[in-house]
Amino acid sequence: MIEFKLDPKSGSPFYRQIIDQIKFGIAAGNLKTGEQLPTVRSLAVDLKVNLNTVAKAYKELEIQNVLATQQGTGTFISDIKIEIPTEEKQNKLQEICSEFSSIAFSYGFSVDDIIQQLQKLKIR
């Protein structure tokens, strides 16, 4: 299971962030076919968002056949292969790095400080 995180500063609507995280989770192999997702209510409570936000994300993914909802049982990852285009992956990584670096720079860290810390994390 993946841990959902929403970023209010990203400019992307919360339902879109949920959709992207599920799709990237499937593409990366972190979400497997048949795996059950949290209920709309529990995910909304965890993320502190309106129920309709999560419901909208799940509904859109159902329409795309990424998710399957079984009444009374839950919402599950469908048997679908998702490949994220290289350009989209690069754009997402650039977005993450831009946000991360702007925060680090605001605390006075240099690029070298960031690289050293990332290399330490890689070693673990």
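Remember, predicted model here, so these are calculated numbers, not experimental data.

**Q** Would you mind going over the pattern of salt bridges with me for this structure?
**A** Close approach of charged atoms allows side chains of opposite charge to pair. Applying the stated rule across the entire model yields four salt bridges. Residue Asp-20 is joined to Lys-92 by a salt bridge in which the shortest nitrogen-to-oxygen separation is 3.8 Å. With Asp-20 in helix 1 (residues 14-27) and Lys-92 in helix 4 (residues 86-106), this pair connects stretches of sequence that are 72 residues apart. Between Glu-83 and Lys-81 there is a salt bridge, with the nearest N and O atoms lying 3.4 Å from each other. One exposure class covers both Glu-83 and Lys-81, and it is exposed. Salt bridges here are not isolated pairs; linked through shared partners, they connect Asp-20, Lys-92 and Glu-95.

**Q** Would you explain the UniProt feature "domain: HTH gntR-type" (unreviewed entry) in the protein in this entry?
**A** According to UniProt, the feature "domain: HTH gntR-type" (unreviewed entry) maps to residues 12-80 in the numbering used here. When the span residues 12-80 is considered, its composition is 51% helix and 14% strand, and the gap between its end C-alpha atoms is 25 Å.

**Q** How should the pairing of strand 2 (residues 67-70) be read in this particular structure?
**A** Within a regular beta strand, the side chains point alternately toward one face of the sheet and then the other, so they alternate between its two faces. Summarising the sheet, strand 2 and strand 3 (residues 74-77) pair through four bridges and their orientation is antiparallel. Its bridge partner being in strand 3, Leu-67 is matched across the sheet by Ile-77. What sits between strand 2 and strand 3 in their antiparallel hairpin is a turn of three residues, with Gly-72 showing a positive phi close to 85 degrees.

**Q** Help me understand a nonpolar patch on the surface, please; the structure alone is not making it clear to me.
**A** Taken together, the side chains of Phe-100, Leu-118 and Leu-121 make up a nonpolar region of the molecular surface, amounting to roughly 280 Å² of accessible area. Among the secondary structure elements, Leu-121 is positioned in helix 5 (residues 111-123).

**Q** What should I look at first to understand the packing of aromatic side chains in this one?
**A** The description of two aromatic rings rests on the distance between their centres and on the angle between their planes. One pass over the full model with this rule turns up zero aromatic pairs. Over the ring of Tyr-15 we find Lys-56; its NZ or CZ atom is 4.1 Å from the centre of that ring.

**Q** Please clarify how the nonpolar core should be interpreted in this entry.
**A** Generally speaking, nonpolar side chains in soluble globular proteins are found buried as a group. Grouped together as the largest cluster of nonpolar side chains are 22 residues, with contacts concentrated most on Phe-4, Ile-22, Leu-37 and Leu-67. At the level of secondary structure, the elements contributing two or more residues to this core comprise helix 1, helix 2 (40-47) and helix 3 (51-63). With five residues, helix 1 is the single largest residue contributor to this core. In contact with Leu-37, other than residues within four places in its own chain, are Met-1, Phe-4, Ile-22, Leu-31, Tyr-58, Leu-67, Thr-75 and Ile-77.

Calculation notes
Residues numbered from 1 in each chain as written. Predicted model: local features only at pLDDT ≥ 70, side-chain atom pairs only at ≥ 80, totals over all residues. Heavy atoms only, no water. Salt bridge = Lys/Arg side-chain N within 4 Å of Asp/Glu carboxyl O. Helix = DSSP H or I, 4+ residues; strand = E, 2+ residues; numbered from the N terminus. Buried < 20%, exposed > 50% of the residue type's maximum accessible area, 1.4 Å probe, protein only. UniProt positions renumbered as here; feature names shortened; annotations may be inferred. Pairing = 2+ DSSP bridges. Patch = residues over 30% accessible without salt bridge, like charges linked within 9 Å, V, L, I, M, F, W, Y side chains within 5 Å. Areas by Shrake-Rupley, 256 points an atom, 1.4 Å probe, with all protein chains shown as cover. Phe/Tyr/Trp six-rings, centres within 6.5 Å; stacked < 30°, edge-to-face > 60°. Lys NZ or Arg CZ within 6 Å of the ring centre and 35° of its normal. Core = buried A, V, L, I, M, F, W, Y, C linked by side-chain atoms within 4.5 Å. Contact = heavy atoms within 4.5 Å.

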